Every structure is written in structure tokens, then in C-alpha cells.
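# Breakdown of the fold
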Amino acid sequence: MTVTFGQTEGGGGSPFIPSEDWIEAFEAQANAELYTRLKRYARSRGGMVAHAGRVVDELYIDGLVQDSLDDVFDGVLRWDPARGSLELFLIAAIHSRTRHDYAHALRFRHERIDASEGALAAAEASLAGRESMADTTERVLVALRACAVRDPDVLALLALYGQHVTKKVDVMRDADWSSKRYEAARKRMLRLVQQLPNELRVRT
Amino acid sequence: MSLEILDAIYREAALDAMNDETTADDQRWVDGVSKRVQSRLAELRRNLVPAAAPLAKAKPVRPSLIAMGRDALLAKLDELTRRLGPSVRYAHRNLDGLSDDDLRRLVDTLDPD
């Protein structure tokens, strides 16, 4: 699913005025179940953003969903009902946003500066020794591999991800696994993602 | 490269998490979002309604009709209906419900000269 960006705010041009058909298509798909699923998706994606040092709390997670909806209403993101479901479109929007936020948070790292001089000095030292995006991302992957050290299948799965082999059918072919074995390894890998070290956890 | 891997892993994790259980806090948040979405949809629908056309002011009834009483107006209406034949159509079957002014306007519409 490709998220198409329309006219951005302040960029001039005509305002977004969708047709009645568009509104009806939106209304038919937008319901409590969708918002709930999107929030769970956003919360999990927020875990990745937290690795970059950004404060990820409920406000941030709620904002991911709400902002994606607002962007669709404002025509910043152009959803075409004929091209895909609203859920897939909004998932793609949240995915893009969190990926951007991850990179942004690494570039402009959040540092808590308390009144004490010691905290300020620590923040300055931290800024001076800022990791590159590749370093940070690699650190997270190393942590993930360390968690999976006793699980050869999860390690194999991570290795395949490293080779851009992420689709089930491709993983099964390359690893010579059954569907059951793949699902079990995938489930264990995702559980480990949720258990990554404390500084990487989402704050609620 | 590493970002692509991490991104793919977290995408899987997020898709998986979509089927998790809902908390009470989530439900309250969902109610708020639902209201907001409904409000935005109503706003979009309002944008589709064309702006109201300006009301046209009725032209004054000519003095000859103003001088006519109710009976004369009803007689005039009969005469017009006979003269113009089936081309005359108006929505009022019961003329008792029309005021004298309504009758004047009706005659004026049927026979503007």
C-alpha cells in the first residue's frame, strides 16, 4: 500500500472536498473496531520509536492514529477507496510516520535536562557521543539476537530478515521449514521484541 | 540496512498486536475518536451542499388585480382555465385555503399581461 501525500498545509491549492461516495466508503469502514486495531498497531510501532530515545507515551500513540485520520480528512493523505481498504491505508500512514519519527528522534535526541548542573553535563556528554542511526538500530538488533541466543530458529529468522527475506513463503523456502515451524518461530521472535531491554520499552 | 530489518520486525509485531485485547482506557479513547470522526464526516457533507440560492423578491401585483374582490378573482381564474385549456395547471384544488392575495398572485402568474 502506497500512501499518497496530497496538498500539504499552507501549500495553497484547492481544499479537499471528497464526493458523497468517498464519504460513504469512509463511513462504512470507520468504526470502533478499526480505531482499536489501529491503536494497537500504533502502540507496537511506538516500541520501535522508543528505541531511538523518544518519549513514547499514550499521548503519542493516540496522536499517531488521530493524526493519520486528520490527514485523510484534510486531504494531506489521499485515500482512494477503489485502491484499498481504509485500514490498510491508515496502517501504511502510521508505519510511515513512526519510521520518520524513529529517524527524527535519532537526529534530534530527546534529553531530559533537570535543574542540576550534573544532569546538564550528562546531557551534553550524551549529545557529544550521539550514536548514528545505524549504530542505534544495530544495537537494538544485537539486543534482540542476544535475547534469542538459545533459540536457533529465531536466530535463523532474524538472519533471513537481515537478507530481506521477510515473507512467510520465502522464509519457509529458504529455511526449509514447515508452516507450523515458521509460525512458531515468528511468534517467539515477536514475543522477544516485546521483551527488549528496559530503556527500549514504551512508557505508559 | 539495519533500519530495514528493524522496521520489518516491528511491522510484523505491530500487525500481530492488532488482535490483542482492548483495555477500558482504549474503549474510552475509541468513543472520543468515533465522535470526532462523525463530526468531521458531517463537516465534509456540509461542504457538499451548495450555498443557498438568494431569495427572489416577488414583483408587485398589478393594480387592476388589487382592485378585484375574491368573487371577481375566482371568476377570473375560471375564465383563464377555460380560455387556456389543459395548459393551465396549478397545485391548489381547494381554493378556499388561499387568501385573496394568494389568488391575485395565482392569476398574475397564469396571466401576467
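It should be emphasised that the depicted structure is a prediction, and the values quoted were computed from it without experimental measurement.

From N to C terminus, chain A includes nine helices and zero strands. Ordered by position from N to C terminus, the α and β elements of chain A give α-α-α-α-α-α-α-α-α. Relative to its 204 residues, chain A shows a buried fraction of 43%. Counting only contacts in chain A whose residues sit at least 6 apart along the sequence, the fraction spanning at least 24 positions is 70%.

Here we take up the packing of aromatic side chains. Residue and element names in this part refer to chain A. With the rule as written, the count across this model stands at five aromatic pairs over all chains. An angle of 85 degrees between the planes, with centres 5.5 Å apart, marks the rings of F16 and W22 as edge-to-face. The exposure classification of F16 matches that of W22, with both residues buried. Ring plane angle 25 degrees and centroid distance 5.4 Å describe the contact between W22 and F26, whose orientation is recorded as stacked. Of the two residues, W22 and F26 are both situated in helix α1 (residues 20–29); the distance of four residues between them amounts to about one turn of the helix. Exposure remark for W22: the relative accessible area of 7% places this residue in the buried category. Judged by relative accessible area, F26 falls into the buried class, the value being 0%. Feature note: the residues F16, W22, F26, F73 and W79 constitute an aromatic cluster, connected by ring pairs.

The rules we used
- Residues numbered from 1 in each chain as written.
- Chains lettered and ligands numbered in written order.
- Predicted model: local features only at pLDDT ≥ 70, side-chain atom pairs only at ≥ 80, totals over all residues.
- Heavy atoms only, no water.
- Helix = DSSP H or I, 4+ residues; strand = E, 2+ residues; numbered from the N terminus.
- Buried < 20%, exposed > 50% of the residue type's maximum accessible area, 1.4 Å probe, protein only.
- Contact = heavy atoms within 4.5 Å.
- Phe/Tyr/Trp six-rings, centres within 6.5 Å; stacked < 30°, edge-to-face > 60°.

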